[in-house]
There are 2 protein chains.
Amino acid sequence: MKVLLVFAHPEPRSLNGALRDVAIKELEAQGHEVRMSDLYASNWKSEVDRADFPSLAPDARLKPAKASGEAYAADALTADVRAEHEKLLWADALILQFPLWWYTMPAILKGWVDRVYAYGFAYGVGEHSDQHWGDRFGEGTLEGKRAMLLVTAGGWEQHYGVRGVNGSIDDLLFPINHGILYYPGYDVLPPFVAYRVDRLDEAGFETAAERLRERMRTLETTSPIAYRRQNGGDYLIPSLQLRPGLGDPGATGFALHLNGAGIAR
Amino acid sequence: MKVLLVFAHPEPRSLNGALRDVAIKELEAQGHEVRMSDLYASNWKSEVDRADFPSLAPDARLKPAKASGEAYAADALTADVRAEHEKLLWADALILQFPLWWYTMPAILKGWVDRVYAYGFAYGVGEHSDQHWGDRFGEGTLEGKRAMLLVTAGGWEQHYGVRGVNGSIDDLLFPINHGILYYPGYDVLPPFVAYRVDRLDEAGFETAAERLRERMRTLETTSPIAYRRQNGGDYLIPSLQLRPGLGDPGATGFALHLNGAGIAR
């Protein structure tokens, strides 16, 4: 497989840097081809602003979605964004690697999403009708490809458990897994998460590294999270509400959007 | 009251710009004093990197939490971050205003959080023992102050309902409301959200504006979201798991972390 790893930590001599090297080495040992977008090393620009749309008239009001769609259609997005599109289309699998800062990704990686996920590329794709509300949530430009998160967290695993004070890790990562990866079509694999990383000794690192190697060895075969496809019949259109009777009765929360049978559809 | 509004949209002539002006005008009409941090207008730097810690030795490995704590203790953070600390301590209420991009805040606002929320200021505060796991989630530097989100979303309100395909808006905003605002001590008010903002006509704008004015008139009196205090007895320490018997039986998801009685504790 071809794998793109997007790396979002400012220090190469960090645990994140070490885990990245472990992942890439194992992927290459398995015969995969790996490319990397090292956001800090490339001075990635995080902010969506006028400079992203060079053909926008200087006095025109900036409407980000509209400007993005026009620039994408005219192949007039900036070179850094176009290079990421090329990599995303090249890769069979995408790995986003980051430290969990304030319960989500660092700004620089959010800025990669905000800028690379252009209208016409990652959203605003496909038929938009009473039967089909755009190619999204299981369909889209990146359909058929796999994606997963590689995350480090300072807190304890229990703090991120189903009853942990932070909220569960699956719920915290849902806006990314479902809203950013599943949205443009990726099959989303369960995340790799290393906890208590500020206190990791050598044995702890080796345990995490071996767990990560195993995930890299099974990147092609791991079952994706069983999110429900938006246009597959589980949601009413256009309200996009989960059809009555689906999901556990009385259930709330993001888990509603998993297929109860636990099978990817 | 003293109110700080942090504004994160690149275009002043946007719906966000118009809503911001409505909010500020109403707050001032009520006798409140308002200051603003306009992140785009001030060219806010989004990325946590070595430049944030001028006293870090050039060859030292960057450990963000450690560097942040040392720089905060030595009053050696950069001037832009120190200015935000001063504003946060000055304000009785904080409003974060942003368009929902990929189900969360834009990168520039995440970068405001990542950089302003220093160790010793927003985290790493207070006693850390078997009885008290730091001053956080209801306690901390910003305790006794109020905070709320002012959000615009392109999708329909139903799409963000309890059974909507995006996940519910309360769950999507939980990592911000609970993990970013409640964490350092804020009383978090229910968010103001305007939906379908790309299709808003004049009447729709006026309806949203009047709803926002009402929220500004009641900023001092609206009941906060009833999150559970971490150190108030509802969570076991150090596992930080919600005590058995609390929360609806079988319940999952972020709603567990609300006090069932619906009263702020």
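Along each chain, residue indices are assigned from 1 in the same order as the chain's sequence is written. Each chain is given a letter, starting from A, and each ligand a number, starting from 1, according to the order in which they appear as written. Residue-level local features of this predicted model are given only where pLDDT is at least 70; pairs of side-chain atoms are given and counted only at 80 or more, and the full residue set underlies all totals for whole chains, interfaces and linings.

*Asks:* Provide a residue-level description of the nonpolar core, including the pertinent values.
*Replies:* Each nonpolar core reported here comprises buried Ala, Val, Leu, Ile, Met, Phe, Trp, Tyr and Cys residues connected via C-beta atoms within 7 Å. Note on burial: count the other C-beta atoms lying within 10 Å of the residue's C-beta; 20 or more is buried, 12 or fewer is exposed, in between is partly exposed, and C-beta positions come from the backbone. Among the nonpolar cores identified, the biggest contains 156 residues, and Leu109 of chain A together with Leu109 of chain B are the most heavily contacted of them. By the convention adopted here, residues are in contact when the distance between their C-beta atoms, placed from the backbone, does not exceed 7 Å. Leucine 109 of chain A has contacts with Val6, Ala8, Leu39, Leu96 and Phe98 of chain A, leaving out every residue within four places of it along the chain.

*Asks:* I'd like to hear about the interface of chain B and chain A, residue by residue, with values.
*Replies:* Counting from both sides, the interface comprises 52 residues of chain B and, opposite them, 52 residues of chain A. Helix numbering and strand numbering both begin at the N terminus, where a helix is a DSSP run of H or I of at least 4 residues and a strand a DSSP run of E of at least 2. Looking at the side of chain B that touches chain A, the elements that each hand over two or more residues are α4 (107-116) and α5 (169-182) of chain B. The dominant element in the side of chain B that touches chain A, judged by the number of residues it contributes, is α5 of chain B, at seven residues. Residue type decides the class: Asp, Glu, Lys and Arg count as charged, Ala, Val, Leu, Ile, Met, Phe, Trp, Tyr, Cys and Pro as nonpolar, and the leftover types, Gly among them, as polar. Considering only residue class, the side of chain B that touches chain A consists of 25 nonpolar, 17 polar and 10 charged.

*Asks:* Tell me about the relation of the copies chain B and chain A, and please be specific about residues and values.
*Replies:* Once turned by 180° and shifted 0.0 Å along the axis, chain B lies on chain A with an RMSD of 0.0 Å. Such a turn and shift between the copies fits a two-fold axis. Interface overlap between copies: 100% of the residues of chain B at the interface are likewise at the interface in chain A, consistent with a symmetric, same-surface contact. Copies are brought into register by a least-squares superposition over C-alpha atoms of residues with pLDDT of at least 70 in both.

*Asks:* Tell me about the confidence of the model for chain A, and name the residues and values.
*Replies:* Low pLDDT marks regions whose predicted coordinates should not be analysed in detail. All names here are of chain A. Confidence in the prediction for chain A averages 95 pLDDT; 98% of positions are at 70 or higher. With pLDDT under 50 throughout, residues 261-265 is counted as low confidence; its partners more than four residues away or in other chains account for 11 contacts. Both scores are given for the predicted complex: the pTM is 0.97, the ipTM 0.97. A residue's pLDDT is simply how confident the predictor is in it, with values from 0 to 100.

*Asks:* Give me helix α2 (residues 64-73) of chain B: which residues, what numbers.
*Replies:* Among the residues of α2 of chain B, Pro64, Ala67, Ser68, Ala71 and Tyr72 of chain B are the ones counted as buried. Down the axis of α2 of chain B, the buried side of the element spans an arc of 125°, and every buried residue falls inside it. Read the arc as the range of directions from the helix axis to the C-beta atoms.

*Asks:* Quick one: what's the story with helix α5 (residues 169-182) of chain A, residue by residue and with numbers?
*Replies:* Taking 1.5 Å per residue as the helical rise, α5 of chain A with its 14 residues ought to reach 20 Å, whereas the 17 Å between its terminal C-alpha atoms falls clearly short. Burial runs high along α5 of chain A: 14 of the 14 residues are buried. Helix span, expected: 1.5 Å multiplied by one less than the number of residues in the helix.

*Asks:* Kindly report on unusual backbone geometry, identifying the contributing residues and their values.
*Replies:* Isoleucine 237 of chain A connects to proline 238 of chain A through a cis peptide bond whose omega is 15°. Along the polypeptide, proline 238 of chain A turns up in the segment after α7 (230-234). Of note in the backbone geometry, aspartate 75 of chain B takes a positive phi value of approximately 55° without being a glycine. Within the fold, aspartate 75 of chain B resides in the loop between α2 and α3 (79-90). One non-glycine residue, arginine 196 of chain B, adopts positive backbone phi at about 50°. Checked against the element boundaries, arginine 196 of chain B lands in the loop between β6 (192-194) and α6 (202-217).

*Asks:* An account of the pairing of strand β2 (residues 33-38) of chain A is requested, with residue identities and associated values reported.
*Replies:* Residue and element names in this part refer to chain A. Between any two strands, at least two bridges found by DSSP are needed for them to pair. Where strand β1 (residues 2-7) lies against β2, six bridges are found, and the strand directions are parallel. Within β2, the position partnered with valine 3 by the bridge is valine 34. Handedness of a crossover is defined as follows: with both strands directed away from the viewer, a clockwise route from the first strand across the helix to the second makes it right-handed. Tracing the backbone out of β1, into helix α1 (residues 15-29) and back to the parallel element β2 gives a crossover that is right-handed.

*Asks:* Any details on the environment of isoleucine 237 of chain A? Residues and values, ideally.
*Replies:* Residue and element names in this part refer to chain A. Counting through the fold element by element, isoleucine 237 comes out in the segment after α7. Judged by C-beta crowding, with 15 C-beta atoms within 10 Å, isoleucine 237 ranks as partly exposed. Sequence separation between isoleucine 237 and threonine 141 is 96 residues; the distance between their C-alpha atoms is 21 Å. Discounting chain neighbours no more than four positions away, the residues touching isoleucine 237 are Asp130, Gln131 and Trp133.

*Asks:* Explain the packing of helix α4 (residues 107-116) of chain A against α4 of chain B to me, and be specific about the residues and the numbers.
*Replies:* Note on geometry: axes are C-alpha line fits, over the in-contact stretch for helices, and angles between N-to-C directions span 0 to 180 degrees. For the pair α4 of chain A and α4 of chain B, the least separation of the axes is 8 Å and the interaxial angle reads 175°. On the basis of the axis angle, α4 of chain A is roughly antiparallel to α4 of chain B. Along its contact with α4 of chain A, which presents Ala107, Lys110, Gly111 and Asp114 of chain A, the element α4 of chain B presents Ala107, Lys110, Gly111 and Asp114 of chain B. Here the residues of the contact of α4 of chain A with α4 of chain B sort into two nonpolar, two polar and four charged. With respect to orientation, any angle under 35 degrees is reported as roughly parallel, any angle over 145 as roughly antiparallel, any angle of 65 to 115 as roughly perpendicular, and every other angle as oblique.

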